[in-house]
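# Analysis of the macromolecular model
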Amino acid sequence: MSEITAEQKFACPACGGESVWNAARQKMVCPFCGTESPVTLTPGGPLIEHDLVTALRGISDDQRGWKTERRQVRCQSCNAISVLDPARQAQNCQFCGSAQVVPYDETKPAFRPEAVLPFKLAETDARDRIRAWYGKLWFAPRALKRRALTDTVKGVYLPYWTFDAHVEADWSAEAGYYYYTTETYVENGQTRTRDVRNIRWEPAAGHVSTFFDDDLVCASVGVHPNLVRGIEPFPTHDVKPYDAGFVSGWIVERYQIDLIGAAQRARAAMDAKLQMLCVQQIRADTFRNLVFRADYSKQTFKHILAPVWLLTYSYGAKHFQCAMNGVTGAVAGEYPKSPWKIALLVIVLLIVVVIAMSLSGR
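Because the structure is a prediction, the values reported are computed rather than measured. Throughout this description, residue numbers start from 1 for each chain and increase along the sequence as written. Local features in this predicted model are restricted to residues whose pLDDT is 70 or higher, and side-chain atom pairs enter the listing and the counts only when it is 80 or higher, whereas totals over whole chains, interfaces and linings include all residues. As a rule here, side-chain values cover all heavy atoms of the structure and leave hydrogens and water aside.

### A look at the overall build of the protein chain
Here a strand is any run of E in DSSP of at least two residues, a helix any run of H or I of at least four, and the numbering for each starts at the N terminus. A count of helices and strands for the protein chain gives 6 helices and 14 strands. Here's how the labels work: a residue is buried when its accessible area is under 20% of the maximum for its type, exposed when over 50%, partly exposed in between, all with a 1.4 Å probe on protein chains only. Looking at the protein chain residue by residue over its 362 residues, the buried ones come to 43%. In the protein chain, the proportion of contacts linking residues at least 24 apart, taken out of those at least 6 apart, comes to 74%. Within the structure as shown, the protein chain displays about 19,500 Å² of accessible surface, and the carbon and sulfur contribution to it stands at 52%. Any pair of residues with heavy atoms lying within 4.5 Å of one another is described as a contacting pair. Shrake-Rupley sampling with a 1.4 Å probe provides the accessible areas, and residues are treated as covered by the protein chains on show and by no other component.

What follows is the structure, given as structure tokens:
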């Protein structure tokens, strides 16, 4: 493999410490003395969308590695692989809080990110937004809201694959149109009439032409999938070409859904969206037997890192996560439910039902 893992450092001009990317200032800042570094991040050229078909046949070695010295640890509890600065000690997993972390050695370096979406919201913003989210949780125990637990919030970069594709699709279906006929029937010895809905089926066909741009597939196993979906989408139009400075001082999760698996998920998601586009062209009351034949071309992809503020905590014997989009501020989280509040709600609903039945009985 060609040597690409040069030990790039970002020394503070005042104290010599290593500067890291600061989300609040949007600059490289020394965490020891607070001095802003004069270093200007110069991402290496324009973003490149890689041809998917070519990549699936094999990614070249010069597209692997982090362009800086990093070390990796794997959590034996949640299986997340964290990519760290060499001097950083990983005593606990950043994703689940487990102390069962061990060094991780891979046989071949991971495919290097093509782009980074830098943190825009600082840690103080994350704490305030998560605390506000806590305040809206009616079913949460009062003790949880009082503690708020925001002192354990951590910034992490999650791995994503993005996919582009141009699609031409022919579709056919049976379009159904409602019409009504009058039916006569006998009820309690009396002859009555009613309108009956019928469906007239006619063949239908059409063509869909569309372009999927930056369809996202999350490759994280450290953050629960429902939380990831809750804080998406990420503004991929704001991504920057990868520079090691953007991730300096931050935890990065290594992807564990590889390109092949991600491409399969992306194709399934595109097919589902394509089906909906076909359905929109069926100008009828209902339809059946929809079939489409799609031709995918200009398929490209890139690997990006997306910023997330992550809170992992325990309440009682259970573990919970709360995640916040590091750019948009969207929050999604898990939390314990108070059995007393749930019981109170059930009692209130029962009272409402009893009152409604009493009034209807009159």
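### Some words on the environment of Glu-183
You can see Glu-183 is positioned in strand S8 (residues 154-187). Under the relative-accessibility criterion, Glu-183 is labelled partly exposed at 32%. Placed 13 residues apart in sequence, Glu-183 and Val-196 show a C-alpha to C-alpha distance of 6.6 Å.

### Quick notes on the environment of Ser-172
Structurally, Ser-172 is set in strand S8. We classify Ser-172 as partly exposed; its relative accessible area is 26%. Linking Ser-172 and Asn-289, residues 117 residues apart in sequence, is a C-alpha distance of 8.0 Å. If we skip the residues at most four places from it in the chain, Ser-172 touches Ala-204, Ala-205, Asn-289, Leu-290, Val-291 and Arg-293.

### Remarks on the pattern of salt bridges
One speaks of a salt bridge when a side-chain nitrogen belonging to Lys or Arg is within 4 Å of a carboxyl oxygen belonging to Asp or Glu. For the structure on display, the rule yields 8 salt bridges. The partner of Glu-123 in a salt bridge is Arg-127, with the nearest N and O atoms 2.4 Å apart. With Glu-123 and Arg-127 both in helix H2 (residues 123-135) and 4 residues apart, the pair spans about one turn of that helix. Its salt-bridge partner being Lys-273, residue Asp-215 comes within 3.0 Å of it at the nearest N-O pair. You can see Asp-215 sitting in strand S9 (residues 190-218) and its partner Lys-273 sitting in helix H5 (residues 259-281), a full 58 residues away along the chain. With a relative accessible area of 11%, Asp-215 lands in the buried category.

### Considering the side chain of Glu-334
Within the fold, Glu-334 resides in the loop between strand S14 (331-333) and helix H6 (339-361). A relative accessible area of 18% places Glu-334 in the buried class. The contacts of Glu-334, once residues within four sequence positions are left out, are Trp-133, His-224, Asn-226, Leu-227, Tyr-313, Phe-320 and Gln-321.

### Some details on the pairing of strand S5 (residues 81-84)
On any regular strand, side chains alternate: one points to one face of the sheet, the next to the other face. Here S5 shows two buried faces, one formed by Ile-81 and Val-83 and the other by Ser-82 and Leu-84. By the bridge criterion, 2 bridges tie S5 to strand S11 (residues 251-253) in an arrangement that is antiparallel. Residue Val-83 lies in a different strand from S11, and its bridge partner there is Val-252. Two strands qualify as a pair provided that DSSP identifies no fewer than 2 bridges between them.

### Remarks on the confidence of the model for the protein chain
Should pLDDT be low for a region, the predicted coordinates there are not to be read in detail. Confidence of the predictor in every single residue is expressed as pLDDT, which spans 0 to 100. Mean pLDDT over the protein chain: 81, with 81% of residues reaching 70 or higher. Every residue in residues 1-7 is under pLDDT 50, and counting partners more than four places away or in other chains gives 16 contacts.

### Observations concerning the pairing of S9
When S8 meets S9, the two strands line up antiparallel, connected through 27 bridges. Paired with Glu-168 across the two strands is Ser-209, which belongs to S9. Counted along the chain from S8 to the antiparallel partner S9, the turn is 2 residues long, and its residue Asn-188 has a positive phi close to 55 degrees.

### So, the packing of aromatic side chains
The pairing test for Phe, Tyr and Trp rings, Trp by its six-membered ring, is centres within 6.5 Å, and the orientation test on the planes gives stacked under 30 degrees, edge-to-face over 60, and tilted for anything in between. One pass over the full model with this rule turns up 12 aromatic pairs. Where Tyr-160 meets Phe-234, the ring centres are 5.5 Å apart and the plane angle is 65 degrees; that geometry is what we call edge-to-face. Residue Tyr-160 is located in strand S8, and its partner Phe-234 is located in the loop between helix H4 (225-231) and strand S10 (240-241); the two are separated by 74 residues in the primary sequence. Of the two residues examined, Tyr-160 and Phe-234, each falls in the buried class. Relative to Phe-301, the ring of Phe-163 has its centre 6.5 Å away and its plane inclined at 35 degrees; by these criteria the two rings are tilted. Taken together, the residues Phe-163 in strand S8 and Phe-301 in strand S12 (residues 286-315) connect sequence positions 138 residues apart. Taking the relative accessible area as the measure of exposure, Phe-163 reaches 2% and is therefore buried. Judged by relative accessible area, Phe-301 falls into the buried class, the value being 1%. Connected via pairs of aromatic rings, a cluster forms that spans Phe-119, Tyr-157, Trp-250 and Trp-309. Criterion for a charge above a ring: Arg CZ or Lys NZ at most 6 Å from the ring centre, at most 35 degrees from the ring normal. When the ring centre of Trp-201 is taken as origin, the NZ or CZ atom of Arg-288, which lies over that ring, is 3.9 Å away.

### Notes on the side chain of Lys-302
Take Lys-302: it is sitting in strand S12. Here Lys-302 falls in the buried class, since its relative accessible area comes to 2%. In protein, a polar contact requires one atom able to donate a hydrogen and another able to accept it; more generally it is a pair of N or O atoms within 3.5 Å, and residues adjacent in sequence count only if both atoms are side-chain atoms. At 2.7 Å, the side chain of Lys-302 and the side chain of Asp-214 are in polar contact.

### Some thoughts on unusual backbone geometry
Residues Glu-232 and Pro-233 are joined by a peptide bond in cis, for which omega reads 5 degrees. Position of Pro-233 relative to the elements: it lies in the loop between H4 and S10. For Asn-188, which is not glycine, the phi dihedral falls at a positive 55 degrees. Mapped onto the elements of the fold, Asn-188 is located in the loop between S8 and S9. Assessed through its relative accessible area of 76%, Asn-188 is described here as exposed. Here Lys-298, not a glycine, exhibits a phi torsion of approximately 50 degrees, which is positive. When you line up the elements, Lys-298 lands in strand S12. Of the residues examined, Lys-298 reaches a relative accessible area of 67% and is grouped as exposed.

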